[in-house]
Amino acid sequence: MTLHQLLNEGTGRLKRAGNPEAAGDARRLLLEAFRLDTVHFLMNRMEPLGCEEGIQQAADDYRKMIEKRCRRIPLQYILGCQEFMGLNFQVDSHVLIPRQDTETLVELVLQEQKDQNKKVLDLCTGSGCIAISLAVLGGCYDVTATDISPEAIKVAEKNAAKLLKEGQKIRFLQGDLLDALKEQETYDILVSNPPYIPTQIIRGLEPEVRDHEPLLALDGDQDGLSFYRRIAKDAGTILNPGGAIYLEIGHDQAEAVKALLEEAGFSDIRVVKDLPGKDRVIRGDLSRNR
Ligand code: GLN
């Protein structure tokens, strides 16, 4: 048996299970199981594999991972990681897999907010990808992140332990949005990628998302806007005068969320598009004279 044969076997299995990225996924899982980089895979793929225990084990692991992928478990949960903003985040089924779309939000905050002393609050932190990227790449040193899921908080804490630079720290708090915080606490920058998919839409999503990503991280209630309503309502009390808000939004939610932010007293409200050109982030400033 060769790596090439194993790859063909796995690709065929994934194709029959209806996986649209069969060849790429099989190769990624093969590299993972055999702990190989692409160069060594290409050099050795036609060599007969030995029958040492380690090799048999790797082949077994590979086949198990292929079976998981046939059940449409996302590749990232099988591998246990996803890159975001050039950082390698650990993920499991308790957290949303960080998306490239969300990098638009982080990049906008990094561009607009250069003062590292500003206090940052990340609501619905999930894997911690937004909070940790702002700390590592923006040098923000006072960052608080909350999530309703205790399991998500554990994942975020592990990511922080692995990715933060020496001396950096993020405060992770478990609780439903602002309930996680003590009263009287205020911040300069509020960021969030809250759940924003309307409930009825979820059942039409890809099985990877619908059946495996946490519903808690996706479901924005009937119209998808319930978290924006709650965040906008409380933003004025949690943000310092002159503070700013940055929210990820669904591609068709800009108008509705803009109206909510206007009503909450925000100005200079702008919508920023993601790489594919869809509305993805909304930002606003809170007046200094409140
Ligand atoms: N903040 C995390 C992310 O952007 C999780 C978001 C969520 O759970 N809705 O990936």
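Please refer to the structure placed before this passage.
Owing to the predicted nature of the structure, the values given are computational and were not obtained by experimental measurement. (Residues numbered from 1 in each chain as written. Predicted model: local features only at pLDDT ≥ 70, side-chain atom pairs only at ≥ 80, totals over all residues. Heavy atoms only, no water.)

Draft legend 1. How the structure looks around helix 7 (residues 129–138). Among the 10 residues that make up helix 7, nine are buried, leaving the element largely enclosed by the rest of the structure. Those residues of helix 7 that sit buried are Cys-129, Ile-130, Ala-131, Ile-132, Ser-133, Leu-134, Ala-135, Val-136 and Gly-138. Backbone geometry just downstream of helix 7 places Gly-139 in the positive-phi region, at approximately 70°. (Buried < 20%, exposed > 50% of the residue type's maximum accessible area, 1.4 Å probe, protein only. Helix = DSSP H or I, 4+ residues; strand = E, 2+ residues; numbered from the N terminus.)

Draft legend 2. How the structure looks around the pairing of strand 8 (residues 266–273). Here six bridges tie strand 8 to strand 9 (residues 279–286), and the two strands are oriented antiparallel to one another. Paired with Val-271 across the strands is Ile-282, a residue of strand 9. The turn linking strand 8 back onto strand 9 is made up of five residues, and Gly-277 within it adopts a positive phi angle of 90°. (Pairing = 2+ DSSP bridges.)

Draft legend 3. Spatial organisation of the site of the ligand. In the vicinity of the ligand, the contacting residues are Leu-96, Thr-102, Cys-124, Thr-125, Gly-126, Cys-129, Ile-130, Asn-193, Pro-194, Pro-195 and Ala-217. At 3.0 Å, a backbone N or O of Cys-124 approaches a nitrogen atom of the ligand. The side chain of Asn-193 places a nitrogen or oxygen atom 2.9 Å from an oxygen atom of the ligand. Under a 2 Å grid-point criterion requiring more than half of the atoms, the pocket assigned to the ligand is the second largest pocket. Within the shell around the ligand, the residues separate by chemical class into seven nonpolar, four polar and no charged. (Near = heavy atom within 4 Å. Polar contact = N/O pair within 3.5 Å; in protein donor to acceptor, adjacent residues only side chain to side chain. 1 Å grid on protein atoms, 1.4 Å probe; cavity = no way out; pocket = protein on both sides within 12 Å on 5 of 7 lines; lining within 4 Å. Sits in = over half its atoms within 2 Å of the grid points. Nonpolar A, V, L, I, M, F, W, Y, C, P; charged D, E, K, R; others polar.)

Draft legend 4. Quick look at the packing of helix 1 (residues 3–16) against helix 2 (residues 22–33). Contact pair helix 1 / helix 2: the axes reach a minimum separation of 8 Å and the direction vectors enclose 135°. When the axis of helix 1 is compared with that of helix 2, the two are oblique. Remark: the crossing between helix 1 and helix 2 carries right-handed chirality. Contacts from Leu-3, Leu-6, Leu-7, Gly-10, Thr-11, Leu-14 and Lys-15 in helix 1 reach Ala-22, Ala-23, Asp-25, Ala-26, Arg-27 and Leu-30 in helix 2. Along the lines of polarity and charge, the residues of the contact of helix 1 with helix 2 split into eight nonpolar, two polar and three charged. (Axes fitted to C-alpha atoms, helices over the stretch in contact; angles between N-to-C directions. Parallel < 35°, antiparallel > 145°, perpendicular 65-115°, else oblique. Left-handed = near helix turned anticlockwise from the far one by under 90°. Contact = heavy atoms within 4.5 Å.)

Draft legend 5. The sheet that holds strand 8, seen in detail. Taken in spatial order, the seven strands of this open sheet run 5-4-3-6-7-9-8, and their pairing is mixed. Both outer strands of the open sheet, strand 5 (170–174) and strand 8, are each paired with one neighbouring strand and no more. Along the sheet, successive strands turn relative to each other by an average axial angle of 15°, direction set aside. Along the sheet face, helix 7 touches strand 3 (119–123), strand 4 (142–147), strand 5 and strand 6 (187–192) and points at about 165° away from the line of strand 5.

Draft legend 6. Local environment of the nonpolar core. Ile-245, Leu-261 and Phe-266 are the most contacted members of the largest nonpolar core, which totals 36 residues. Elements with a minimum of two residues in this core: strand 3, strand 6, helix 12 (226–238), strand 7 (239–248), helix 13 (254–263), strand 8 and strand 9. Setting aside chain neighbours within four positions, we find Phe-266 in contact with Ala-235, Leu-239, Ile-245, Leu-261, Gly-284, Asp-285 and Leu-286. Core analysis: the second largest hydrophobic core is formed by 31 residues, Ala-131, Ala-135, Cys-140 and Ala-145 among them. (Core = buried A, V, L, I, M, F, W, Y, C linked by side-chain atoms within 4.5 Å.)

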